[in-house]
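Residue-level structure breakdown
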Amino acid sequence: MLIVKYCPKKYHISTTETIQIGTLNYYKKSDNLFIADPFEGHHDHIVEDSHKTIKIQRDETVELFDGKLSAPLTINPGGKLVLETQFPNVYIFCCSLVERPSMDHAKSISIEYDAFYVINDPDGFMKLIDQQLRWLFRHVDKKPQKIKIIHAHGPVKYVNHRITSYGQADPDRQIATLDHIFTKPKTSPVAGHVAFEANQEYRFAWVGLDEQGYIVPVEDEPIYVRANPFSFVTSY
């Protein structure tokens, strides 16, 4: 399988000196129905058991709810706790994972796509962007702070519903995990005729952490990384 970046020719790696790195919020607002997902990073978590009383201790809620809650909870039999979470806005770079790149596939994602290149060393490519992000990182809070950047890349998992259910609380599982930005619905939540699954998306993500280990949201607009990636890509 190949990691393929479909794009307009004017943004092809051979004709531009920069690479556009988008954000979750940027793609939420896209006017391309085959890309736009207003619920990027959204996930529902349901804790319920129809037969047992579920008791979640104060220290467990901190872990379970990623610091958003610090109080003991009791869920009576038949009760349900629903927690809606939204992953903070972070940087992402979207590609496709395919056996054979084609213009037909490119056009199915966007009529503007008429070129592509292959990322043959995803780890090297990601580290290259890392080096530039240290200078270009635009967090929403303008106050000076030390930020550690972590990254991940992999194929997007397509699901019917972005919901995780628990028969019992799991204090070892944190809610805000990178899994949430690598999960999308099989079909668009706003355009039922659009099959996101057909995009066969592969993502790169960069997440900034503050000194306490919390995710630092970034500004909505993309950034443009000036780098020479030719040792990590194959141009077509």
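For the structure given in this document, a descriptive report is provided here. Predicted model, so just to flag it, every value in this text is computed and none were measured.

Looking at chain direction, strand 2 (residues 18-23) and strand 14 (residues 223-226) are connected through 4 bridges and run antiparallel. Within the sheet, the bridge partner assigned to Ile 19 lies in strand 14 and is Val 225. Where strand 2 and strand 7 (residues 91-98) come together, 2 bridges link them in antiparallel fashion. Within the sheet, the bridge partner assigned to Gly 22 lies in strand 7 and is Ile 92.

Along its 15 residues, helix 4 (residues 122-136) runs 20 Å from first to last C-alpha, staying within 8% of the 21 Å computed at 1.5 Å per residue. Of all the positions in helix 4, only Pro 122, Gly 124, Phe 125, Met 126, Leu 128, Ile 129, Asp 130 and Leu 133 are classed as buried.

Our next topic: the environment of Ile 19. Structurally, Ile 19 is set in strand 2. In this structure the C-alpha to C-alpha distance between Ile 19 and Ile 223, which are 204 residues apart in sequence, comes to 8.3 Å.

Turning next to the pattern of salt bridges. Tallied over the entire structure, the rule returns 6 salt bridges. Put simply, Glu 201 and Arg 203 hold a salt bridge, and the shortest N to O gap is 2.5 Å. In terms of burial, Glu 201 and Arg 203 fall into one category: buried. Taken together, the salt bridges that share partners define one network made up of Asp 37, Glu 40, Lys 184, Glu 201 and Arg 203.

Once that is clear, we can look at the packing of aromatic side chains. The geometry of an aromatic ring pair is captured by the separation of the ring centres together with the interplanar angle, meaning the angle of the planes. The final tally for this structure, using the stated rule, is 8 aromatic pairs. Ring geometry for Phe 93 against Phe 125: centres 5.4 Å apart, planes inclined by 40°, an arrangement best described as tilted. One end of the pair, Phe 93, is in strand 7; the other, Phe 125, is in helix 4, and 32 residues separate them in sequence. With a relative accessible area of 1%, Phe 93 lands in the buried category.

Taken across its 7 residues, strand 3 (residues 42-48) has 6 buried, putting it largely inside the fold. Two elements, strand 3 and strand 6 (residues 80-86), share 7 bridges in a ladder whose sense is antiparallel. Looking across to strand 6, one finds that Glu 48 is bridged to Lys 80.

What counts and what doesn't
- Residues numbered from 1 in each chain as written.
- Predicted model: local features only at pLDDT ≥ 70, side-chain atom pairs only at ≥ 80, totals over all residues.
- Heavy atoms only, no water.
- Pairing = 2+ DSSP bridges.
- Helix = DSSP H or I, 4+ residues; strand = E, 2+ residues; numbered from the N terminus.
- Expected span 1.5 Å × (residues − 1).
- Buried < 20%, exposed > 50% of the residue type's maximum accessible area, 1.4 Å probe, protein only.
- Salt bridge = Lys/Arg side-chain N within 4 Å of Asp/Glu carboxyl O.
- Phe/Tyr/Trp six-rings, centres within 6.5 Å; stacked < 30°, edge-to-face > 60°.

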